[in-house]
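The residues making up each chain are set out below.
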Amino acid sequence: MSAASTAEPAFVAKTKTGRITDFVDSRVGGSGILREFGRKVFPDHWSFMFGEVALYSFVILLLSGTFLTFFFDPSMAETHYDGGYVPLKGVEMSVAYSSSLNISFDIRGGLFMRQVHHWAALLFVASVAVHMLRVFFTGAFRRPREMNWVVGCVLLILAMAAGFTGYSLPDDLLSGNGLRIIDGVIKSIPVIGTYISFFLFGGEFPGTAIISRLYMLHILLVPALILLMIVMHLFMVVVHKHTQYPGPGRNDNNVVGYPLGPVYAAKAGGFFFIVFGVIALMAAFFTINPIWNYGPYDPSPVSAGTQPDWYIGFVDGALRLMPGNPYGWHVEQVWFGHVFTFNVLLPALVPAGILFTVMFTYPWIERWITKDDREHHVLDRPRNAPTRTAIGVAGFVWYSVMWAAAGSDLIATHFHVSLNDVTYWLRALFFIGPVIGFIVAKRVALALQRKDREIALHGRETGRIVRLPHGEFIEVHAPLDEYKRYKLVGFESPQVLPAVPNEHGVVTRKEKRRAFLSRWFFEDRVAPATPAELEAAHGHGHEAVEAAHGHGHEAVEAAEGSKSLTH
Amino acid sequence: MGNHSDGSPNHSGTVATAGQNEVERFQDPGIPPHRLRLADTDPKAAKRAERQVALLFGISVVGTLIFLVTYFAIDLGDDSSIATIRLQNALLGIGTAFAMLGIGTGIVHWAKALMPDHEVSEERHAIRYEEDRQAAVRIVDDIVEETGIKRRPLIRNTLLGAVALAPLPAIAIFGDLGPRPDDKLAHTMWAPQDGKRKRLTRDPDGTPIKASDVTIGSAFHVIPEGLNELQEGKLNEKAKAVVLLMRLDPASLNPSKGREEWGYNGIVAYSKICTHVGCPVALYEQQTHHLLCPCHQSTFDLTQECKVIFGPASRPLPQLPIAVDDEGYLVATSDFHEPVGPSYWERDSHERSVNS
Amino acid sequence: MKALSQKRRHPLAAIALLLMGLLITGGLYAVATSMNEAKASTTTASASDAEEGGKLFAANCATCHGMGASGSKDGPSLVGVGAAAVDFQVGTGRMPMQMNGPQAMKKPVQFNDEQTHQLAAYVASLGAGPAIPAEDLTNGGGDAAAGGELFRTNCAMCHNAAAAGGALTQGKFAPALADVSGKHIYEAMVTGPQNMPVFNDANITPEGKKDVITFLKQIETSGSPGGADLGSLGPVAEGLFVWVAGLGVIIAFTIWLTSRTS
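Note that this is a predicted model, so its numbers are computed, not measured. (Residues numbered from 1 in each chain as written. Chains lettered and ligands numbered in written order. Predicted model: local features only at pLDDT ≥ 70, side-chain atom pairs only at ≥ 80, totals over all residues. Heavy atoms only, no water.)

Describing the overall build of chain C
- Secondary structure summary: chain C contains twelve helices and two strands in total.
- Across the 262 residues in chain C, those meeting the buried criterion constitute 48%.
- Expressed as a percentage of contacts within chain C between residues at least 6 apart in sequence, the contacts between residues at least 24 apart total 63%.
- Just so you have it, chain C exposes about 12,600 Å², and 63% of that area is on carbon and sulfur atoms. (Helix = DSSP H or I, 4+ residues; strand = E, 2+ residues; numbered from the N terminus. Buried < 20%, exposed > 50% of the residue type's maximum accessible area, 1.4 Å probe, protein only. Contact = heavy atoms within 4.5 Å. Areas by Shrake-Rupley, 256 points an atom, 1.4 Å probe, with all protein chains shown as cover.)

Section: the sheet that holds strand S6 (residues 283-285) of chain B
All names here are of chain B.
- Judged by pairing direction, the sheet is antiparallel, and its four strands sit side by side in the order S6-S7-S8-S9 without closing on themselves. Only two strands of the sheet have a single partner each, and these edge strands are S6 and strand S9 (307-310). Adjacent strand axes in the sheet meet at a mean angle of 30°, parallel and antiparallel pairs treated alike.
- Judged from the three bridges that link them, strand S8 (residues 299-301) and S9 form a sheet pairing that is antiparallel. In the sheet register, Asp 301 faces S9, and the bridge partner there is Lys 307. (Pairing = 2+ DSSP bridges. Axes fitted to C-alpha atoms, helices over the stretch in contact; angles between N-to-C directions.)

Observations regarding the domain arrangement of chain A
Residues and elements named next belong to chain A.
- Taken domain by domain, chain A holds domain 1 (2-33), domain 2 (45-299) and domain 3 (445-565).
- A separation of 47 Å is found between the C-alpha centroids of domain 2 and domain 3.
- Listed per partner, the contact involves four residues of domain 2 and five residues of domain 3.
- Overall, the association of domain 2 and domain 3 removes approximately 350 Å² of surface from exposure, summing both partners, and the carbon and sulfur fraction of that is 66%.
- Three residues stand out in domain 2 for area buried against domain 3, namely Pro 246, Gly 247 and Pro 248, and they jointly supply 84% of the buried area on that side.
- Across the contact surface, domain 2 and domain 3 share zero salt bridges.
- Counting across the domain 2 and domain 3 interface gives zero residue pairs in polar contact (both at pLDDT 80 or more). (Domains from an automatic or database assignment. Buried area = accessible area lost by both parts, 1.4 Å probe. Salt bridge = Lys/Arg side-chain N within 4 Å of Asp/Glu carboxyl O. Polar contact = N/O pair within 3.5 Å; in protein donor to acceptor, adjacent residues only side chain to side chain.)

Examining the packing of helix H4 (residues 50-69) of chain A against helix H10 (residues 210-240) of chain A
All names here are of chain A.
- Where H4 contacts H10, the axes come no closer than 12 Å and their chain directions differ by 155°. As summarised for this structure, H4 and H10 are arranged roughly antiparallel, according to the angle between their axes. For H4 against H10, the interelement crossing comes out left-handed. Residues Leu 55, Phe 58 and Thr 69 of H4 touch H10, and the partners they reach there are Tyr 215, Ile 219, Pro 223, Ile 226, Leu 227, Ile 230 and Leu 234.
- Class assignment for the residues of the contact of H4 with H10 results in nine nonpolar, one polar and no charged. (Parallel < 35°, antiparallel > 145°, perpendicular 65-115°, else oblique. Left-handed = near helix turned anticlockwise from the far one by under 90°. Nonpolar A, V, L, I, M, F, W, Y, C, P; charged D, E, K, R; others polar.)

Brief notes about the confidence of the model for chain C
Residues and elements named next belong to chain C.
- Scored by pLDDT, chain C comes out at a mean of 84, with 86% of its residues at no less than 70.
- Ranking the helices and strands of chain C by mean pLDDT puts helix H12 (residues 235-258) first, with 95, and helix H1 (residues 2-7) last, with 54.
- Of the regions scoring below 50 in pLDDT, residues 33-43 engages in 13 contacts with residues more than four places distant in sequence or in other chains.
- Confidence estimates for the predicted assembly give a pTM of 0.89 and an ipTM of 0.89. (pLDDT = per-residue confidence, 0-100.)

Re the UniProt feature "domain: Cytochrome c" (unreviewed entry) in chain C
All names here are of chain C.
- Look at the UniProt record and you will see "domain: Cytochrome c" (unreviewed entry) annotated at residues 48-127 and 142-220.
- A distance of 17 Å separates the end C-alpha atoms of residues 48-127, which is 51% helix and 0% strand.
- Secondary structure over residues 142-220 splits into 51% helix and 5% strand, and the C-alpha atoms at its two ends are 15 Å apart. (UniProt positions renumbered as here; feature names shortened; annotations may be inferred.)

Quick word on the side chain of Thr 191 of chain C
Residue and element names in this part refer to chain C.
- Its location among the elements puts Thr 191 in helix H10 (residues 182-191).
- According to the relative accessible area criterion, Thr 191 is buried, its value standing at 16%.
- Within polar-contact distance, the side chain of Thr 191 engages the backbone oxygen of Glu 187 at 2.7 Å.

Points about the interface of chain B and chain A
- Opposite the 106 residues of chain B that make contact, chain A presents 136 residues.
- Between chain B and chain A, a total of about 10,000 Å² is buried, with carbon and sulfur atoms accounting for 60% of that surface.
- Across the contact surface, chain B and chain A share six salt bridges.
- A salt bridge links Lys 234 of chain B to Glu 92 of chain A; the shortest N-O distance between them is 2.9 Å.
- Linking chain B with chain A are 39 residue pairs in polar contact (both at pLDDT 80 or more), by the criterion used here.
- At the level of secondary structure, the elements contributing two or more residues to the side of chain B that touches chain A comprise helix H2 (43-73), helix H3 (82-113), strand S1 (120-123), helix H7 (234-241), S9 and helix H8 (347-355) of chain B.

Observations regarding a positive patch on the surface
- Judged by side-chain charge, Arg 509, Lys 510, Lys 512 and Arg 513 of chain A come together as a positively charged surface patch.
- Here Lys 510 of chain A is to be found in helix H19 (residues 509-522). (Patch = residues over 30% accessible without salt bridge, like charges linked within 9 Å, V, L, I, M, F, W, Y side chains within 5 Å. Lys, Arg positive; Asp, Glu negative; His and termini not counted. Charge placed at Lys NZ, Arg CZ, Asp CG, Glu CD.)

Structural notes on the interface of chain A and chain C
- Residue-level contacts link 66 residues of chain A with 52 residues of chain C.
- Contact between chain A and chain C buries roughly 4,500 Å² in total, counting both sides, with carbon and sulfur atoms accounting for 72%.
- On inspection of chain A and its partner chain C, the count reaches zero salt bridges.
- Scanning the region where chain A abuts chain C turns up 14 residue pairs in polar contact (both at pLDDT 80 or more).

A few points about the UniProt feature "domain: Cytochrome b/b6 N-terminal region profile" (unreviewed entry) in chain A
- The residues that UniProt annotates with the feature "domain: Cytochrome b/b6 N-terminal region profile" (unreviewed entry) are residues 20-246 of chain A.
- Between the end C-alpha atoms of residues 20-246 of chain A the distance is 41 Å, and the span holds 67% helix and 4% strand.

Observations regarding the UniProt feature "transmembrane region" (unreviewed entry) in chain A
All names here are of chain A.
- On the UniProt side, "transmembrane region" (unreviewed entry) is annotated at positions that read residues 53-72, 118-137, 149-169, 215-239, 271-292, 344-365, 385-404 and 424-441 here.
- What you have in residues 118-137 is 100% helix and 0% strand, and the ends, taken at the C-alpha atoms, are 29 Å apart.
- Within the segment residues 424-441, helix and strand shares are 100% and 0% respectively, and the terminal C-alpha atoms sit 25 Å apart.

A closer look at the pattern of salt bridges
- Enumeration according to the criterion identifies 49 salt bridges over all chains in this entry.
- A salt bridge links Arg 381 of chain A to Asp 452 of chain A, with the nearest nitrogen and oxygen atoms 3.0 Å apart. Taken together, the residues Arg 381 of chain A in the loop between helix H14 (342-370) and helix H15 (386-405) and Asp 452 of chain A in helix H17 (residues 419-458) connect sequence positions 71 residues apart.
- Each of Glu 332 of chain A together with Arg 315, Glu 338, Arg 347 and Glu 351 of chain B takes part in a single network of salt bridges with overlapping partners.

Some words on unusual backbone geometry
- The omega torsion across Phe 205 of chain A and Pro 206 of chain A is -5°, close enough to zero to call that bond cis.
- Mapped onto the secondary structure, Pro 206 of chain A falls in the loop between helix H9 (193-201) and H10.
- A cis amide bond, omega -5°, links Met 95 of chain C with the succeeding residue Pro 96 of chain C.
- With respect to the helices and strands, the residue Pro 96 of chain C is situated in the loop between helix H5 (82-91) and helix H6 (113-126).

Quick word on the domain arrangement of chain C
All names here are of chain C.
- What the domain assignment reports for chain C is domain 1 (49-126) and domain 2 (135-224).
- If you look at the interface, domain 1 gives 14 residues, while domain 2 gives 15 residues.
- Taken together, the two surfaces of domain 1 and domain 2 that pack against each other cover about 1,100 Å², and 55% of this comes from carbon and sulfur.
- Taken together, the connections running from domain 1 to domain 2 amount to one salt bridge.
- Note that Lys 183 is salt-bridged to Asp 87, the shortest N-O span being 3.0 Å.
- Across the domain 1-domain 2 interface, the total number found is four residue pairs in polar contact (both at pLDDT 80 or more).
- Class assignment of the residues belonging to the side of domain 1 that touches domain 2 gives a composition of seven nonpolar, four polar and three charged.

Right under this line is the structure:
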């Protein structure tokens, strides 16, 4: 479609920028793209920015990472350190560790870049996680965005993989012990575990190959896959257009917000610099991964408080929580002459497996239960989907228990409690924590919905107390304007969908199960306020206030007339 | 669960009363009327905002200068102190932060205060149109038809077979990533070489240890004699062979049958590699005689031959049988009687072959 | 008195006087040199120190450790633990213990240097044990790199690679080593207080201990080159920081960014 515009010789751009644009456009045909994107509308909300934080962190990772590759040498050959850090002078270490130290101590700005890179990595995975929580709790994964949710889940896994492969590269004591734990977990895999371990490490642990292999994965394969997934992710965002929160003027057929040019582009572009600035501040003032403290990797020493970076923490925590010999029963079993290391396999694979399986399939699970196959572009406020919110909170609590377990020793030392007791409590919370989280979150969501109803019907509490002639004190409620009210009442409130017979007139067992889950999902609900209820409540509210002012008229009548509808 | 609709008692049962969705709903009032900003109405405020944006960009320039000055003014040499590096790191960071935040906040402030902030509504379009779908289906049908793949099952089936097999070489070619494990995990350097028993030596310097050096309450971190002289695979051997040597009151040790001679006067040596996932179990509590792994908190009781008393490990730590040679130095009488470290699939058969 | 004045003229009196004079000057010399050499051995503590220490012990410590420090069900025997153990336990305030717990806690010191010295002298007089180390072994000046290697092999698993402390079983813990004097670090190594293993001179030589102290003092005084060290607690502290502070600041910016200007 750009060809048509370039074919007109009469067109002369007014500004210099316009002329340059025209020059480029007439050669590559960008008019169509610009026409499509130039004024594309993006809704504005702070919780929509986490995806951008992730994207920008990734860009910063590419920039700082490229710098680091110029100085880092992934060789595990032995050398003796001869750099600027005195407490390691002359110590035997690998070239990889020595070059990491040189980056930190002998290259101007090297330490800064290392810290930028590592802080950006932690922020990258954290913002991906928060972004996914936002998408989950607002129901943004529903049709037509299920596939983009899956791409997002893949991106989370890739982000963790990128982080872990990078964490091990300096070949320091901390990450070396982390690798050793990975090796132990791999060896526990039935049948092929030993082979995978030998293939990964090029022989016995630690060998001399692992760092360069991880390096290749870290700087080439994983970032390439992340980039590919980001492209797919953003492409689908463009196709779907952004979701929006419910509110006046917003529905499933439109998107309300600011046009890309200039406001949104300026904000989003400016935000890149803000994210960069915040990461730079962290790198300026807060040490991260002080490899010089840990020393070179050596299989004999270990440091207290050996933990992985936060995103692997939940697996490490699960490993800690699993009892090896509960009540004297050995979890590790020898069957048919082969070892089944369940005390490692179960905690390493099961929680992560459950978490990722549910995460990947959740859009389809919910779609099956609710039979909701419509397109959704207006988000749910978390309170307006209480069961989904409760499921999300239960999952988050479960994750957090494992996460906390990864720091059980630090909890023990910092709160002066017994390490063993911390473990016992977390083992109990592993099972009951999600249940408590589910119940509490659901009750809170329902309570907030009732509060919304209350405000929609009776207005906002003003804090002004009025005394009525007969001595009663009441608080004056200020009515909401219709825009604010619509925000509180304009949401969908699906209901229980009973079992439906199929075409043969039979209610299948699967359908019964679905109906049961549907009841569980939607049984407790607070319906949005209706205009009739408002009218009734309005009268009710005014009755008191108007009476106080001594000129009640039709409001009183309205209240009388619809008393049965209100309380 | 009852009724959450409004709490009034005259509704009973679930709220899902008939035709809930048909209940009259609030009309969408549409996008709220646009509210003008100060800068839209007051030219002074607009001018002020303009100056603020310029100031923020100015701060960015200052930040860039701070970075450059720091980079060239503070040089790092072999003698530069930690304080110098810290100062340089902090100044480079401040410079970058100012440079970036100045631009970022400047642009955002510009957009917020001065660019038009009318909320607009854009129609969403269907993701696909029926017309397109039908055309696409027709095209695909035509393509499939033209290949004739449906009419020629021989071609289809052989192609499927070929494509299914083709990736196998891509997997097989990774076969040389590492050697076969064989029974490498079952043996360590401690096995006597040419009939000569290996001495227990100190980690990291490799000096031999006399039995009399090990006083009650001591803990020695031990490597086998000759480890430091290895030309190749030093860390691989060390990863299996490291041992913790402790001495306690002989009365508090309770050796099982066949292991009475594995210690010497209350001196015992146990593998330092955790049987859980392989961290060094190096924390020795000399009064409780517990060994604790700092990674996952598996706890082993030295007085019960390192039985697991807490945590995720399932097997006791392997014991290294030791004795004293003619010169009074501690030596290993044999290799471990089981593979050390984390469990693996073939571990049980390895243990049996080691002991046979 | 009369008897004494008579014996004064005894021929042996002159020899006795001479011997006494020699003993006094020798003793004074010994005391003087021990001032410079630091209290390197138990013999430097004079008999009167031990005597004073005995009184202090009876009044403050014997309840648990028994009369004559022979131990009771509430406290171990101190015969043979040496002056270093007393100097460490009393000098860091761990003893006298306030209450029974998983382990004796560091707290404000209860005795002054003089009294600590007397107590140490008393306990040292009961049986041979590690003496208080000489000053040149405890005030740094060794090889920090060698010390670092020894520290990582022998100490880091409990005390953390940056000496920030760590957890042990059942509420016990290995304390952080910042602000601990070189003397007390040395004494802890040779005596193995509480659950800490003993690192005798055959395990880590006095020179090695000096190197360890040098390493610890060096990392303590130089601080972290990267800025605030977040307690040197590793990835847990870093993760907590990025979630709370990092994301917190970012969220503050996003709220500002998406809010309407007035």
